[in-house]
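Breakdown of the fold
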Amino acid sequence: KTGTLTRGRPSVTDVLPAGVDRLTLLGVAAGVEKNSQHPLAEAIVQEAKASGAVIQEAADFNTIAGKGVLARVLGEEVLVGNRTLLRERGVPLGDSTEDALARLEEDGKTAVLVSAGGALAGVIAIADTVKESTPAAIAALREMGMKVVMITGDNSRTAASIARLVGIDRVIAEVLPGDKAEEVKRLQDAGEVVAFVGDGINDAPALARADVGIAIGSGTDVAMESGEIVLIRDDLLDAAAAIQLARKVMSRIRQNIFWAFAYNAALIPLAAGLLYP
């Protein structure tokens, strides 16, 4: 998934206010997001602090899985999330906003939309950098004959941008957390043997569903409990190394079984007296 390909330290790259000033947008968004543990939320809070914005107090905080968060700030309902969340709540975006979102997403950035009182307040773009070892890890997996697929809750443009950077040609994007296991099942139903690499709470069902679940060691305890293999380091190259090691071990086991049978087939008759004078 996307989070295992990147460093996991996203930061705000663009702030596009709509009807409010930059500091107000950051202060309202950070007031909601400070209640969340999501890396994108932490990036917004850090940017608000660095910019000197007044972080507002929020009440009635709630998380909507795979879509965003909401709370009441200064008596108004504030939404911070993706297009789906705002559309479901009836917040109009407009053509200019859609164009801005398309530009940001084509650059590989995640666009977080903010609305207050039923109107769009602005867009905050956040980007994460790809781990240096990720392209080499993907190349190693492909050299071993693996088909590599990226599954992510990100929108299709951002996902495609990251996939191009690391050398992945198949992307399953905009997948809700609860549906990742179902996507793994679809691959299995198509006759594939699936190894899933993940690190978050949302990955636990997919890790359990896969033929082999590989949990990143820096991830959550739930993910590590759900995986058959736990990587100690936060490095995707170790996933390739684990598969190489497993293949080497199985090869050695087969060699040992072959020579054990050959040895017994040849020497048991001798022990039974085949050459007895």
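Above this note sits the structure.
Anyway, here's the lowdown on the structure attached to this text. If you're wondering where the values come from, they're calculated on a predicted model, not measured in any experiment.

Attention shifts here to the overall build of the chain. Along the chain, the regular secondary structure elements total eleven helices and eleven strands. A compact globule built from 277 residues would reach a C-alpha radius of gyration of about 19 Å, whereas the chain, at 25 Å, exceeds it by more than 25%. Residues counted as buried form 43% of the 277 residues belonging to the chain. Only carbon and sulfur atoms are counted for the fraction: they give 54% of the accessible area of the chain, which is about 14700 Å². In the chain, the 28 positive side-chain charges and the 36 negative ones have mean positions that sit 5 Å from each other.

Here we come to the sheet that holds strand β10 (residues 212-216). With respect to topology, three strands assemble into an open sheet ordered β9-β10-β11, the strand pairing being parallel. Whereas interior strands pair on both sides, the edge strands pair on one side only; in this sheet they are β9 (195-198) and β11 (229-231). Neighbour-to-neighbour, the strand axes of the sheet open up by a mean angle of 20 degrees, direction not taken into account. Here β10 runs beside β11; their pairing, made up of three bridges, is parallel. Following the sheet pairing, Ala215 is matched in β11 by Val230.

Now for the sheet that holds strand β5 (residues 110-116). One open sheet holds the six strands; their spatial order is β1-β6-β5-β4-β3-β2, and the pairing between them is antiparallel. Of all the strands in the sheet, the pair left with one neighbour each is β1 (11-17) and β2 (58-64). Direction aside, neighbouring strands of the sheet carry axes that sit 20 degrees apart on average. For β2 and strand β3 (residues 68-73), the ladder comprises five bridges, and the chain directions are antiparallel. Paired with Ala59 across the bridge in β3 is Arg72.

Consecutive side chains of a regular strand alternate in pointing toward one face of the sheet and then the other. The element β10 is extensively covered by neighbouring structure, given that four of its five residues are classed as buried. Note: β9 against β10, four bridges, orientation parallel. Bridging from a neighbouring strand, Ala195 pairs with Val212 of β10.

About the criteria used
- Residues numbered from 1 in each chain as written.
- Predicted model: local features only at pLDDT ≥ 70, side-chain atom pairs only at ≥ 80, totals over all residues.
- Heavy atoms only, no water.
- Helix = DSSP H or I, 4+ residues; strand = E, 2+ residues; numbered from the N terminus.
- Rg over C-alpha atoms; globule rule 2.2 N^0.38 Å.
- Buried < 20%, exposed > 50% of the residue type's maximum accessible area, 1.4 Å probe, protein only.
- Areas by Shrake-Rupley, 256 points an atom, 1.4 Å probe, with all protein chains shown as cover.
- Lys, Arg positive; Asp, Glu negative; His and termini not counted.
- Charge placed at Lys NZ, Arg CZ, Asp CG, Glu CD.
- Pairing = 2+ DSSP bridges.
- Axes fitted to C-alpha atoms, helices over the stretch in contact; angles between N-to-C directions.

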